[in-house]
Amino acid sequence: MRFTIFASVVTFAVPILSQQIFDIWSTTWDRSQAFTYSNLGSNPVQFKSPGPIGSADIVVNDAQTYQSVWGFGASLTDSSALILNNLKIKNSNSYWKLLKYLFDPTDGANSAGFSYLRIPLGASDFSATVYSFDDVSGDTSLKHFNINKAPSYLFTVLNDIRSVNPAIRIHLLPWSPPGWMKDTGTMNGGNFLSKYSTVYANYLLKSLQAFKSKGVNVYAIGIQNEPENYNPTYPTCVMTPAQEAQIAKTLRTLMNNNGFSGVKIIGYDHNWVDGSGYPIDLMNDGSSAFAGVAFHCYAGSVAQQDAFHAAYPKKDIFFTECSGVYGSDWWSDLKWYMDNIFIGAIEHNSHTGLMWNLALDGNGQPMLPGTNSCSPPCRPVVTVNSDGSWSVNQEFYAMAQASKAILPRDAGGPWGKRIGVSVGGNQNWALRVGAYVTGRANSNDWLRYSLVVLNWNDYPNGGWSPTPVKTTIEFRGKQATYTFPVGITTLWWYAPNQGHSKRVDLDGESIVFANATEAEITFAEDISADPDSAEEPLDEGVIYSKSNGEKIRSAKFR
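Conventions used here
Residues numbered from 1 in each chain as written. Predicted model: local features only at pLDDT ≥ 70, side-chain atom pairs only at ≥ 80, totals over all residues. Heavy atoms only, no water. Helix = DSSP H or I, 4+ residues; strand = E, 2+ residues; numbered from the N terminus. Buried < 20%, exposed > 50% of the residue type's maximum accessible area, 1.4 Å probe, protein only. Pairing = 2+ DSSP bridges. Contact = heavy atoms within 4.5 Å. Axes fitted to C-alpha atoms, helices over the stretch in contact; angles between N-to-C directions. Polar contact = N/O pair within 3.5 Å; in protein donor to acceptor, adjacent residues only side chain to side chain. Disulfide = S-S within 2.5 Å. Core = buried A, V, L, I, M, F, W, Y, C linked by side-chain atoms within 4.5 Å. Phe/Tyr/Trp six-rings, centres within 6.5 Å; stacked < 30°, edge-to-face > 60°. Expected span 1.5 Å × (residues − 1). Parallel < 35°, antiparallel > 145°, perpendicular 65-115°, else oblique.

Draft legend 1. Quick peek at the overall build of the protein chain. Regarding its fold elements, the protein chain presents 10 helices and 26 strands. Buried residues in the protein chain amount to 60% of all 558 residues.

Here's what the structure looks like:
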């Protein structure tokens, strides 16, 4: 990643004002609050001189800075686009209300501000039919390439989403190359044939060019979704690390020569379980081509992201797919999602946290006829009903709470950045915490500091008894006190940039961090997360994931 650091030379007087917490978003275990905003108005939580610590004690260290967080979201599959387009036709007002609730990034808006969207290139297990953009066998010149093989409603919905959130990042990824590039001759299952590496790289370049022709600027592209997954009931493809690396190196050159030098290539896009294998082999062979790798939740554990980060600390990590299933427990799912993805994956150096389908109906449909990829049925972020109504699911609430902490405070401003945090006290086990700082467009404005807190203290004495936790928050020698209900809480406060300032330009962003000196400031490229900072889930749980011919991931809950 290219970055530029400007020397820390700016010093200015800081008014002596105490930090205060006014803004709180909450989702509680019993749904009495469901992504509910509270403004404390005339009675804010004050940071004061320290006293005794609470049952839990959150210590925020803003001198420790890690990676920027570029957002949360889901995949706009063909099925999701169809469901949403049908809603638009049936009830346009409801459709736009939903899109704004999901994607509006405006500071203070009653919305999640989802800001990262993955889009399959060609068919997936959530398409009406199997198709690629060039299904003419042997067409190595790709003269029959046609982006309009994708359903028109995909671009209709995508452009509507982009109108609500113009800053949304678009990540393209094929579930399979055209079938004639594989040993099976079909997109369903099979292995990639290396003789088509250059042709396939050109196919992916044409995909970028086609999206650009439709006015869509792409943030990232992948080579192959789940390259170790062979399932003959829907588009999949086994691709070795050497094959993926060769395609990526060719594609990187093509992109650089055709106006796409700023688009990232993201590799792997598969499960945690092989974090020390495939993605490292991929970088060993093609590091110059890849910006980083992406992970899914269906096998392994989130801590396995660390093996890749340790081997390639300057490469980006993305978390791009997990799916719930209909019939699982709402509160148990929220706990697992926060612990493993929306706090956990970020804690283990991911820049993103995504779920699978953005929208489906109440039966997890429509799916590709004949596929066995979701059993029980996959649950989307939002369920859209045939009568034109819709409801958001637990995936929404988990992501929305996390998203509020990292969205730019100012229009066009920088994204939130993970900072150091630890939890002490005799009930430190009861809280899972992520901490973030959001820079400002104007370096003189106060920075925003945010906490995302999961209180999972629901079995304090071995029996079901959801119990709030009185907590102290330590920040810059001051202390605030807040009692966290059982559920997820996102809160923030503002604080000045004290002393020297450091401006950093990362990935096109400019950001000023607080309390930074040459000795103190640490960038994600140079630091590894504490491997002990995330505990494995401990208790009983439910299974939720898609069944795709791989080992099903089971999760246990506290």
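Draft legend 2. View of the sheet that holds strand S18 (residues 390-392). One open sheet holds the three strands; their spatial order is S15-S17-S18, and the pairing between them is mixed. Strand pairing shows two members of the sheet lacking a second neighbour, strand S15 (359-360) and S18, which therefore form its edges. Packing of helix H2 (residues 92-103) onto the sheet brings it into contact with strand S17 (382-384) and S18, and relative to S18 it is tilted by some 10°.

Draft legend 3. Quick peek at the environment of Arg418. Following the sequence through the fold, Arg418 ends up in strand S19 (residues 416-424). By relative accessible area, Arg418 is classed as buried at 9%. A distance of 3.2 Å separates a polar atom in the side chain of Arg418 from the backbone oxygen of Ile346. Only 3.3 Å separates the side chain of Arg418 from the side chain of Asn349, close enough to count as a polar contact.

Draft legend 4. Quick look at the sheet that holds strand S9 (residues 220-222). Strand order in this open sheet of eight strands is S12-S11-S10-S9-S8-S7-S6-S14, and the pairing throughout is parallel. A single partner strand is all that each edge strand has here, and the edge strands are strand S12 (316-321) and strand S14 (352-357). Strand-to-strand twist in this sheet, taken as the mean axis angle between neighbours without regard to direction, amounts to 30°. Across six bridges, strand S7 (residues 116-121) lies against strand S8 (residues 169-174) in parallel orientation. Note that in S8 the partner of Tyr116 across the bridge is Arg169. Seen against the sheet, helix H8 (residues 330-342) touches strand S6 (71-75), S12 and S14 and runs at an angle of roughly 130° to S14.

Draft legend 5. Spatial organisation of the pairing of strand S21 (residues 447-455). The buried count for S21 comes to nine of nine residues, which makes it a mostly enclosed element. Of the two faces of S21, both are covered, the one formed by Leu447, Tyr449, Leu451, Val453 and Asn455 as well as the one formed by Arg448, Ser450, Val452 and Leu454. Sheet topology note: the strand S20 (residues 431-438)/S21 ladder contains eight bridges and is antiparallel. Of the residues in S21, the one forming a bridge with Val433 is Val453.

Draft legend 6. Layout of the state of the cysteines. This model, assessed by the stated rule, comprises two disulfides. Two residues share a disulfide in this structure: Cys297 and Cys322, whose sulfurs sit 2.1 Å from each other. The sign of the 80° torsion about the S-S bond sets the Cys297-Cys322 disulfide as right-handed. Remark: Cys322 occurs in the loop between S12 and strand S13 (324-325) and Cys297 occurs in the loop between strand S11 (292-296) and helix H7 (305-311); sequence separation between them is 25 residues. Cys322 matches Cys297 in its accessibility class, with the two residues each being buried. Covalent S-S linkage joins Cys374 and Cys378, the inter-sulfur distance amounting to 1.8 Å. Residues Cys374 and Cys378 are joined through a disulfide that is left-handed, its torsion about the S-S bond being -70°. As far as the burial class goes, Cys374 and Cys378 line up, both buried. What links to what in the protein chain: the bonded cysteines, counted in sequence order, pair as 1-2, 3-4.

Draft legend 7. Main features of the nonpolar core. Membership of the largest hydrophobic core comes to 138 residues, with the highest contact counts inside it found for Leu76, Phe103, Phe211, Ile221, Ile223, Phe342 and Phe396. If you tally residues by element for this core, the top one is helix H4 (residues 197-213), at nine residues. If sequence neighbours within four positions are ignored, Phe396 has contacts with Phe35, Tyr101, Leu102, Ala112, Phe114 and Val381.

Draft legend 8. View of the packing of aromatic side chains. Inspection of the entire model under this criterion finds 41 aromatic pairs. Ring plane angle 80° and centroid distance 5.1 Å describe the contact between Trp29 and Trp464, whose orientation is recorded as edge-to-face. One end of the pair, Trp29, is in the loop between strand S2 (20-28) and strand S3 (36-39); the other, Trp464, is in the loop between S21 and strand S22 (469-475), and 435 residues separate them in sequence. With a relative accessible area of 42%, Trp464 lands in the partly exposed category. Arranged with centres 5.4 Å apart and planes meeting at 40°, the rings of Trp272 and Phe319 form a pair that is tilted.

Draft legend 9. How the structure looks around H4. For H4, spanning 17 residues, the distance from its first C-alpha to its last is 24 Å, which sits close to the expected 24 Å at 1.5 Å a residue. Within the sequence span of H4, burial applies to Ser197, Val199, Tyr200, Ala201, Tyr203, Leu204, Leu205, Ser207, Leu208, Ala210 and Phe211. Elements in contact with the buried residues of H4: S7, helix H3 (152-164), S8, S9 and helix H5 (241-257). Immediately downstream of H4, the backbone of Gly215 shows phi near 85°, a positive value.

Draft legend 10. Local environment of the packing of helix H1 (residues 78-90) against H2. Their axes nearest at 5 Å, the elements H1 and H2 cross at an angle of 135°. When the axis of H1 is compared with that of H2, the two are oblique. Of the residues in H2, those in contact with Leu84, Leu87, Lys88 and Lys90 of H1 are Ser92, Ser94, Tyr95 and Leu98.

Draft legend 11. The arrangement of the environment of Ile317 in detail. Position of Ile317 among the secondary structure elements: in strand S12. The sequence separation of Ile317 and His348 amounts to 31 residues, and the corresponding C-alpha distance is 8.7 Å.

Draft legend 12. Just the environment of Asn357, in detail. Position of Asn357 among the secondary structure elements: in strand S14. The buried category is assigned to Asn357, whose relative accessible area is 2%. Counting along the chain gives 22 residues from Asn357 to Arg379, while the straight-line C-alpha distance between them is 7.6 Å. Contact partners of Asn357, with chain neighbours within four places excluded, come to Ala74, Ser75, Thr77, Ser80, Phe126, Pro380 and Val381. Here the side chain of Asn357 touches Thr77 through a polar contact of 2.7 Å, side chain to side chain.

Function cannot be read off these values alone, since they describe shape.
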